[in-house]
Amino acid sequence: MAENTPSVNLEYLEILRCPVAVHYKDKGSDPGRLRLVHDGQWLVCDDSGYKYPIVDGIPRMLVEIGEKYRDVSEDLLPVPPKAD
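Residues numbered from 1 in each chain as written. Predicted model: local features only at pLDDT ≥ 70, side-chain atom pairs only at ≥ 80, totals over all residues. Heavy atoms only, no water.

K.L.:
How should I be thinking about the sheet that holds strand β4 (residues 58-59) in this particular structure?
P.N.:
Strand pairing in a sheet is mediated by backbone hydrogen bonds. Such pairs are either parallel or antiparallel. Overall, antiparallel pairing links the 4 strands, which are arranged β1-β2-β3-β4 in an open sheet. Here the strands that pair on one side only, and so sit at the sheet edges, are β1 (34-37) and β4. As paired strands, strand β2 (residues 42-45) and strand β3 (residues 51-55) are joined by 3 bridges and run antiparallel to one another. By the bridge assignment, W42 is partnered in β3 with P53. (Pairing = 2+ DSSP bridges. Helix = DSSP H or I, 4+ residues; strand = E, 2+ residues; numbered from the N terminus.)

K.L.:
Honestly, the packing of aromatic side chains in this entry has me stumped. Any pointers?
P.N.:
Each pair of aromatic rings is reported with the distance of its centres and the angle of its planes. Overall, the coordinates contain 2 aromatic pairs when judged by the stated rule. Summarising the aromatic geometry, the rings of W42 and Y69 are spaced 4.8 Å apart at their centres and angled 75 degrees between planes, so their arrangement reads as edge-to-face. With W42 in strand β2 and Y69 in the segment after α2 (63-68), this residue pair connects regions lying 27 residues apart in the sequence. Arranged with centres 6.4 Å apart and planes meeting at 45 degrees, the rings of Y50 and Y52 form a pair that is tilted. Under the relative-accessibility criterion, Y50 is labelled buried at 7%. (Phe/Tyr/Trp six-rings, centres within 6.5 Å; stacked < 30°, edge-to-face > 60°. Buried < 20%, exposed > 50% of the residue type's maximum accessible area, 1.4 Å probe, protein only.)

Pasting the structure below:
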C-alpha cells in the first residue's frame, strides 16, 4: 500500500460510526465519527476511545476488537494491524 493512501474508501468513512459511541446521547448530533490513523490502517473514535484495525481493506469493527485496543496509545498500535 502506498504511503498516505487510505486502505478504506473515504466515502465509507463518512457513513461508518463506532458501534459503541453511536448510541451516546451526550456527544452532539453525530456521535461515533471515526478518523484514520497510521496511513489509513486504523480507525479511531475519539468519543469512545475504541480503535478498530483495517485488515485487507476491511474495517474490523467488532466491539470486542475496538475494546481490546481502547487503552493502547495510538503510537503503540501495531502497524500493520494483526488479523486477530
